[in-house]
Amino acid sequence: MSNTPMAASPLTRAVLEIDEYASGLGWDQPARLFALVDTARLRAEEPALAAQLGLEDEPATTGLTPIEQDELPSDKPLDEFLGTIAWPDAVAGCALSVERLMLPPSAEAQVPQNLGEAELAKWVADHPERQEVRMTVAVLRDGSRESALRLREKDSPTEVLTGPELVPGLAEALAATFAA
């Protein structure tokens, strides 16, 4: 958590830590899924894993540790895949980091009608005002949410936008992975 503000909530710190990790991998990366576990609980119940993750010297304050999951399947749409996830009780929350193309609101009126999904994706990719963005969204079992957005053209830790409602659809999909 080298660049994350210590005054931020544990969920915000976890989202920024994941954003920093994803940033270190560069752009054009696949989506990445993370389990969020209570750091103190992890140290108490899984000391070997905590040591492997370098958490033995972390302060004993409450915090969340992101643990990257296996690679997401590339042959299944993300929303379908998220619908298949169930988390064990030890997981306090989850997060997803994914890259997408976005258009400014001013471009919405220009979207041609009756395009299929593939045609729409190509139209957006070819649009001169498109922006590449990395979205990191996290949710906790209690309903708490946090997001971080990083534009490729402003790829700097000081240019990361955070907030709980930046990507509501993705937050809802992640929250649904905890519905029993």
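In this text, all values refer to a predicted model and were calculated from it rather than measured experimentally.

Asks: Residue-level account of the nonpolar core, with values.
Replies: Where a protein is soluble and globular, its nonpolar side chains tend to be buried together. With 26 residues, the main nonpolar core has Leu33, Trp87, Leu96, Leu170 and Leu174 as its most contacted residues. Elements represented by at least two residues in this core include exactly strand S1 (32-38), helix H4 (78-82), strand S3 (93-102), strand S4 (131-140) and helix H6 (168-176). No other element matches S4, which puts four residues into this core. When neighbours within four sequence positions are excluded, Leu33 is seen to be in contact with Ile67, Glu68, Gln69, Leu72, Phe81, Ile85, Trp87, Ala95, Leu96 and Leu174.

Asks: Which residues make up the pattern of salt bridges, and what are the values?
Replies: All told, the structure shown has nine salt bridges when counted by the stated rule. Across the salt bridge formed by Arg41 and Glu45, the nearest N and O atoms sit 3.1 Å from each other. Of this pair, Arg41 and Glu45 both sit in helix H2 (residues 39-45), separated by four residues, roughly a single helical turn. With relative accessibility at 34%, the residue Arg41 sits in the partly exposed group. Glu45 sits in the partly exposed class, given a relative accessible area of 49%. For Arg145, the salt bridge goes to Glu172, with nearest N and O atoms at 2.2 Å. Taken together, the positions of Arg145 in strand S5 (residues 145-151) and Glu172 in helix H6 put the pair 27 residues apart, joining distant regions of the chain. Assessed through its relative accessible area of 19%, Arg145 is described here as buried. It is possible to trace a salt-bridge network through shared partners that takes in Asp19, Arg150 and Asp155.

How each quantity is defined
Residue positions are counted from 1 within each chain, in the order its sequence is given. pLDDT decides what is reported in this predicted model: residues at 70 or higher carry local features, side-chain atom pairs at 80 or more are listed and counted, and totals for whole chains, interfaces and linings draw on all residues regardless. Excluding hydrogens and water, the side-chain figures rest on all heavy atoms present in the structure. Residue types Ala, Val, Leu, Ile, Met, Phe, Trp, Tyr and Cys, when buried and joined through side-chain atoms within 4.5 Å, form a set referred to as a nonpolar core. Type-normalised accessible area, obtained with a 1.4 Å probe on protein chains alone, sets the label of each residue: buried when under 20%, exposed when over 50%, and partly exposed for intermediate values. Numbering goes from the N terminus for both helices and strands, where a helix is a DSSP run of H or I of at least four residues and a strand is a run of E of at least two. Contacts are assigned to residue pairs that have any heavy atoms within 4.5 Å of one another. Any Lys or Arg side-chain nitrogen found within 4 Å of a carboxyl oxygen on Asp or Glu counts as a salt bridge.

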